[in-house]
Amino acid sequence: MKTAVIQFPGSNCDLDIFHVLKDVLQIETDLVWHTNFKAEDYDGAILPGGFSYGDYLRAGIIAAHSPAIDQVEIMAQEGKPIIGICNGFQILIESELLPGALLSNQTRTFICKWVNIKVETNNTDFTRNISEGTILKIPIAHAEGRYTIDPKGLKDLRENDQIVLRYVDENGNLTKIGNPNGSMDSIAGICNNDRNVFGLMPHPERASEKILSPFSSSDGLKILNRFVHT
Amino acid sequence: MPSFNVEIIIENKKMARDPEGETITRDLINRGGFQSITNVRTGKYLKLSVKAEKKEEAEHIVREMSNSLRIYNPVVHTCSIRIKSEEL
């Protein structure tokens, strides 16, 4: 499996995810500048976190018009796995590969903290080997992560089992206190209808080596493992 | 060709709470003694110069651009377009 980490101007988690894929999971991985990215060269792609184009106008909207996104759309149609982390999730939303919107956090602040994330479905490429209901310890770091969608869109997400991850509290319950940014339905990550495009606000690459986590968490690997297997 | 000033205002729909507006209402306006102001909704304002033969054409160009490039996210935003004036 050959995977690309697509770099946009302003990406800043690109090297972290590259390190985890290449050194921790030992996957053949390239860092690819967004104007050079070709779908045919890769079996999977990652849109990393950061502040592409300075978050101007709306986080993710300018990168969504990059030539790389046309290539990502081709990959998505071919059923190849695509994951967008944080700003990568915002880019997938703004390119309409995933539905809804990510608005400013309800707190009006940038939030950087470890949170509890519940795996709601294992019927995706990325959570296939995780039992439903598993709580993952993974950090978030964003200002615009409040997932919002119209009532019909939310109904569709629920009915099609597209809500992959939810924020929960210490006891694993869906509560206001467990929902850091005010996301609708406590949504932390969703997938598309074909279940091969996945966007999430938490950073699995920051929870991939126990020694780097205050909770000795390497839960992020459970998601990123997807790229090991073809 | 004449040039027109066109404004775009992007606002959150009612369904999407606006924490910036809520904070301005509560912690600036109400705290500052203006109790009669009960609600503020923030948005984004873009001012464009558009070359076109007529007002209607300028508006049409901006509307088409806004929709095709997703200048707003139709799931959560409304987008209003106003022709301000013809530039001299």
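Values in this document were obtained by computation on a predicted structure and should not be read as measured data. (Residues numbered from 1 in each chain as written. Chains lettered and ligands numbered in written order. Predicted model: local features only at pLDDT ≥ 70, side-chain atom pairs only at ≥ 80, totals over all residues.)

Some thoughts on the overall build of chain A
Here's step 1: From N to C terminus, chain A includes five helices and 11 strands.
Here's step 2: In summary, chain A has a C-alpha radius of gyration of 16 Å against a globular reference of 17 Å for 230 residues, a match within 12%.
Here's step 3: Scored against the burial criterion, the 230 residues of chain A give a buried share of 53%.
Here's step 4: Residue pairs at least 24 apart in sequence account for 75% of intrachain contacts in chain A once pairs closer than 6 positions are excluded. (Helix = DSSP H or I, 4+ residues; strand = E, 2+ residues; numbered from the N terminus. Rg over C-alpha atoms; globule rule 2.2 N^0.38 Å. Buried ≥ 20, exposed ≤ 12 C-beta atoms within 10 Å, placed from the backbone. Contact = placed C-beta atoms within 7 Å.)

Here we look at the interface of chain B and chain A
Here's step 1: Contact residues are listed per partner, giving 11 residues for chain B and 14 residues for chain A.
Here's step 2: When grouped by side-chain class, the residues that make up the side of chain B that touches chain A number six nonpolar, two polar and three charged. (Nonpolar A, V, L, I, M, F, W, Y, C, P; charged D, E, K, R; others polar.)

As for unusual backbone geometry
All names here are of chain A.
Here's step 1: Unlike most non-glycine residues, L57 shows phi in positive territory, near 65 degrees.
Here's step 2: For L57, the location among the structural elements is in the loop between β3 (44-47) and α2 (67-77).
Here's step 3: The phi torsion at S216 lies on the positive side, around 50 degrees, for a residue other than glycine.
Here's step 4: Residue placement: S216 occurs in the loop between β11 (197-200) and α5 (220-224).

Re α2(A)
All names here are of chain A.
Here's step 1: When we look at burial in α2, the residues that qualify are A68, I69, Q71, V72, M75 and A76. Looking straight down α2, one finds its buried side chains confined to an arc of 155 degrees; they lie on one side. Residues of α2 that are exposed and angled more than 90 degrees away from the buried face: P67, D70 and Q77.
Here's step 2: Residues of α2 that are buried sit in contact with β1 (2-7), β3, β4 (82-85) and β11. (Arc of directions from axis to C-beta.)

Some thoughts on the environment of I85(A)
Here's step 1: Note that I85(A) resides in strand β4.
Here's step 2: Residue classification places I85(A) among the buried positions, given that 29 C-beta atoms sit within 10 Å.

Observations regarding the environment of I29(B)
Residue and element names in this part refer to chain B.
Here's step 1: Along the polypeptide, I29 turns up in helix α1 (residues 19-30).
Here's step 2: Taking the C-alpha atoms as reference, I29 lies 9.5 Å from N39; in sequence the two are 10 residues apart.
Here's step 3: With residues near it in sequence (within four places) discarded, I29 still touches I24, F34, I37 and V40.

Describing the sheet that holds β11(A)
Within a sheet, each strand pairs with its neighbour through backbone hydrogen bonds, oriented either parallel or antiparallel.
All names here are of chain A.
Here's step 1: Spatially, the nine strands line up as an open sheet ordered β2-β1-β3-β4-β11-β10-β9-β6-β7, and their pairing is mixed. In this open sheet, the two edge strands, each paired with only one partner strand, are β2 (28-33) and β7 (135-142). Pairwise comparison of adjacent strand axes, ignoring direction, gives a mean angle of 25 degrees for this sheet.
Here's step 2: Across three bridges, the pairing between β1 and β3 is parallel. When the bridges of β3 are listed, V5 appears paired with I46.
Here's step 3: Along the sheet, α2 makes contact with β1, β3, β4 and β11, crossing β4 at roughly 130 degrees. (Pairing = 2+ DSSP bridges. Axes fitted to C-alpha atoms, helices over the stretch in contact; angles between N-to-C directions.)

A closer look at the nonpolar core
Here's step 1: In terms of nonpolar packing, the biggest core is built from 67 residues, with I6(A), I17(A), A45(A), I46(A), I85(A) and F89(A) touching the most fellow members.
Here's step 2: Those residues in contact with I17(A) that lie beyond four places of it in its chain are V5(A), I46(A), P48(A), I85(A) and E205(A).
Here's step 3: Counting nine residues, the second-largest nonpolar core is a separate cluster that includes V6(B), I8(B), A58(B) and I71(B). (Core = buried A, V, L, I, M, F, W, Y, C linked by C-beta atoms within 7 Å.)

Quick look at the pairing of β4(A)
All names here are of chain A.
Here's step 1: On β4, burial covers both faces: I82 and G84 on one face and I83 and I85 on the other are all buried.
Here's step 2: Pairing analysis gives three bridges linking β3 to β4, with the strands arranged parallel. Within β4, the residue paired with A45 across the bridge is I82.
Here's step 3: Direction of pairing for β4 relative to β11: parallel, over a ladder of four bridges. Opposite I83, over in β11, you have F198 as the bridge partner.

What to know about helix α2 (residues 55-68) of chain B
Here's step 1: For α2(B), which comprises 14 residues, the first-to-last C-alpha distance of 20 Å matches the rise-based estimate of 20 Å (1.5 Å per residue) to within 8%.
Here's step 2: The positive-phi residue at the C-terminal boundary of α2(B) is R70(B), with phi of around 55 degrees. (Expected span 1.5 Å × (residues − 1).)

Section: the environment of I37(B)
All names here are of chain B.
Here's step 1: Position of I37 relative to the elements: it lies in the loop between α1 and β2 (43-51).
Here's step 2: Accessibility expressed as a C-beta count within 10 Å gives 12 for I37, which makes it exposed.
Here's step 3: Sequence spacing of I37 and T25 is 12 residues, and the spatial spacing of their C-alpha atoms is 7.4 Å.
Here's step 4: Not counting the four nearest positions on each side in its chain, I37 is found in contact with T25 and I29.

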